[in-house]
Amino acid sequence: TQLLEQSPQFLSIQEGENLTVYCNSSSVFSSLQWYRQEPGEGPVLLVTVVTGGEVKKLKRLTFQFGDARKDSSLHITAAQPGDTGLYLCAGANYGGATNKLIFGTGTLLAVQP
Amino acid sequence: NAGVTQTPKFRVLKTGQSMTLLCAQDMNHEYMYWYRQDPGMGLRLIHYSVGEGTTAKGEVPDGYNVSRLKKQNFLLGLESAAPSQTSVYFCASRPTAGNTDTQYFGPGTRLTVL
C-alpha cells in the first residue's frame with residue numbers, strides 16, 4: 001500500500017513568516033501534485049512536478065520534487081492570510097491498471113494577520 | 001461550463017437508510033472518482049471509473065456501490081448507512097490524456113449518519 005505522510009499536520013503562523021510543508025513516502029511516484037482546499041470546497045490543483053529534482057515556483061510558493069521521486073516539499077515565503085487552507089500532496093501513478101492519486105494526510109495552515 | 005457538480009450538498013441519514021449521491025461533469029472527462037475525507041486522513045479513494053459502463057474499487061470500497069451509466073454522471077450509493085460513513089464525500093474527474101492530468105473536484109457532500 002502506498003502512503004504519503006505530510007508534516008506538520010497543523011501550522012499556525014503570523015503574516016510575513018516563511019514555512020515549509022513536507023510530503024514523504026517510501027514509494028516512487030511518476031508525478032506529484034499539490035492541492036489547496038478551502039473550507040466548504042473541493043481541492044484545487046496548485047502544481048504538478050514530474051522530474052526528480054524539479055523545482056517549480058508559483059509566486060511566493062516554491063515546490064520541489066525529490067531526486068528519487070519519493071518526496072516533495074512546499075515552501076511559502078512571506079505568508080499571507082489568503083494562504084490559509086488545507087494543503088494536500090498527491091502522488092500519481094496513472095496508466096496501466098492504476099489510474100489514481102494517493103493523497104497525503106494534509107497540512108492545515110492558518111496565517112494570522 | 002459548471003465543471004463538477006455534486007448533489008446533495010448536505011444530508012442526514014439514520015442508520016440503515018439508503019441514499020445515492022450524484023456527481024455530474026460537463027467537461028467530457030473519461031475518468032471519474034469518489035473520495036471520502038475524514039479529519040487527519042486526507043482523501044481516500046472509494047471507487048473510480050475509467051469510462052462509461054466501467055467501475056473499479058479504490059482503497060475503501062466496503063459499504064458503497066457505484067454506477068457509471070452515462071459518461072457525464074457517476075453515482076455513489078450507500079445501501080445501508082452506518083455511523084462510520086459519516087464523512088465529506090468528494091467527486092472528481094479528469095481527462096485520460098496523460099500522467100500529469102489534473103483532477104477536478106466538486107464542492108463536496110457532507111453526510112451525517114446518526
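Look up a bit, the structure's there.
Everything in this summary refers to the structure shown in the same document. (Residues numbered from 1 in each chain as written. Chains lettered and ligands numbered in written order. Predicted model: local features only at pLDDT ≥ 70, side-chain atom pairs only at ≥ 80, totals over all residues. Heavy atoms only, no water.)

**Describing the packing of aromatic side chains**
Rules: Stacked, tilted and edge-to-face are the three classes assigned to paired rings of Phe, Tyr and Trp, where Trp is represented by its six-membered ring and a pair needs centres within 6.5 Å; plane angles under 30 degrees give stacked, over 60 edge-to-face, the rest tilted. We count a stretch as a helix when DSSP gives it H or I for four or more residues in a row; a strand needs E for two or more, and each element gets its number in order from the N terminus. A simple rule labels every residue: compare its accessible area, found with a 1.4 Å probe on the protein chains alone, to the largest value its type can have, and call it buried under 20%, exposed over 50%, or partly exposed in between.
Counted under the stated rule, the structure contains nine aromatic pairs over all chains. Look at Phe103 of chain A and Phe105 of chain B: their rings are 6.0 Å apart centre to centre, the planes differ by 75 degrees, and that puts the pair in the edge-to-face class. Of this pair, Phe103 of chain A sits in strand β10 (residues 101–103) while Phe105 of chain B sits in strand β10 (residues 104–105), each in a different chain. The class of Phe103 of chain A is buried, set by a relative accessible area of 7%. Centroid distance Tyr64 of chain B to Tyr89 of chain B: 5.8 Å. Interplanar angle 65 degrees. Geometry classified as edge-to-face. Of this pair, Tyr64 of chain B sits in the loop between β6 (56–57) and β7 (65–67) while Tyr89 of chain B is found in strand β9 (residues 87–94), placing the two residues 25 residues apart along the sequence. Taken as a pair, Tyr64 of chain B and Tyr89 of chain B share a single burial class, namely buried.

**A few points about the sheet that holds strand β8 (residues 73–78) of chain B**
Residue and element names in this part refer to chain B. This is how it is decided: DSSP calls a pair of strands paired once it identifies at least 2 bridges connecting them. An axis is simply a line fitted to the C-alpha atoms; with a helix, the fit covers only the stretch in contact. Between two such axes, the angle follows the N-to-C directions and lies from 0 to 180 degrees.
In spatial order, the strands read β1-β3-β8-β7; together these four strands make up an open sheet with antiparallel pairing. With partners counted over all chains shown, the strands left at the sheet margins are β1 (4–7) and β7, one partner each. Direction aside, neighbouring strands of the sheet carry axes that sit 20 degrees apart on average.

**Considering the nonpolar core**
Where we set the bar: By nonpolar core we mean a set of buried residues, namely Ala, Val, Leu, Ile, Met, Phe, Trp, Tyr and Cys, connected to one another through side-chain atoms within 4.5 Å. Note on definitions: a residue-residue contact is assigned when non-hydrogen atoms from the two residues lie within 4.5 Å.
Of all hydrophobic cores here, the largest spans 22 residues; its most connected members are Leu19, Leu32, Trp34, Phe63, Leu74, Ile76 and Leu109 of chain A. For this core, the elements supplying multiple residues, two or more each, are β3 (19–24), β4 (31–37), β5 (44–49), β7 (61–65), β8 (71–76), β9 (85–92) and β11 (107–112) of chain A. When residues no more than four places from it in sequence are discounted, the contact partners of Leu74 of chain A are Leu19, Thr20, Val21, Trp34, Leu61, Thr62, Phe63 and Tyr87 of chain A. In this structure, Cys23, Met32, Ile46 and Val66 of chain B belong to the second largest nonpolar core, which totals 19 residues.

**Let's talk about the environment of Ser73 of chain A**
All names here are of chain A. Tracing the backbone shows Ser73 in strand β8. Taking the C-alpha atoms as reference, Ser73 lies 9.3 Å from Gln6; in sequence the two are 67 residues apart. Each residue touching Ser73, except ones within four places of it in the same chain, is listed here: Thr20, Val21, Tyr22, Trp34, Thr62, Phe63 and Gln64.

**Focus on the pattern of salt bridges**
To keep things clear, this is the line we draw: Salt bridges are defined by distance alone: a side-chain nitrogen of Lys or Arg within 4 Å of a carboxyl oxygen of Asp or Glu.
Applying the stated criterion across every chain yields a total of five salt bridges over all chains. Its salt-bridge partner being Lys56 of chain A, residue Glu54 of chain A comes within 3.9 Å of it at the nearest N-O pair. Between Lys71 of chain B and Glu30 of chain B there is a salt bridge, with its nearest N and O atoms 2.9 Å apart. Note that Lys71 of chain B is positioned in the loop between β7 and β8 and Glu30 of chain B in the loop between β3 (19–25) and β4 (31–37), a separation of 41 residues in sequence.

**So, the pairing of β7 of chain A**
All names here are of chain A. Residue alternation in β7 divides its side chains into a buried set, Leu61, Phe63 and Phe65, and an unburied set, Thr62 and Gln64. Pairing of strand β6 (residues 55–58) with β7, which is carried by four bridges, proceeds in the antiparallel orientation. Bridging from a neighbouring strand, Lys57 pairs with Thr62 of β7. Taken together, β6 and the strand that follows it, β7, pair antiparallel across an intervening segment of two residues, in which Lys59 is found at a positive phi of about 55 degrees.

**A look at the side chain of Arg68 of chain B**
We count it as follows: Working convention for charge: Lys and Arg count positive, Asp and Glu count negative, and His plus the chain ends are omitted.
The residue Arg68 of chain B is located in the loop between β7 and β8 in this model. We note that Arg68 of chain B is buried and unpaired, the nearest opposite charge coming from Glu30 of chain B at a distance of 5.5 Å.

**Quick notes on the interface of chain A and chain B**
The condition is simple: By buried area we mean how much accessible surface two parts lose on assembly, using a 1.4 Å probe and totalling the loss over both. N or O atoms closer than or at 3.5 Å make up a polar contact, with two conditions inside protein: a donor-capable atom paired with an acceptor-capable one, and, for residues adjacent in sequence, both atoms drawn from side chains. The residue classification treats Ala, Val, Leu, Ile, Met, Phe, Trp, Tyr, Cys and Pro as nonpolar and Asp, Glu, Lys and Arg as charged. All others, Gly included, are polar.
Taken together, the contact pairs 25 residues of chain A with 22 residues of chain B. Both faces combined, the contact of chain A with chain B buries some 1700 Å², and carbon together with sulfur accounts for 52% of it. Our count for the contact surface shared by chain A and chain B stands at zero salt bridges. Our count for the contact surface shared by chain A and chain B stands at two residue pairs in polar contact (both at pLDDT 80 or more). At the level of secondary structure, the elements contributing two or more residues to the side of chain A that touches chain B comprise β4, β5, β9 and β10 of chain A. The element best represented in the side of chain A that touches chain B is β4 of chain A, accounting for four residues. Broken down by class, the residue content of the side of chain A that touches chain B amounts to eleven nonpolar, twelve polar and two charged.

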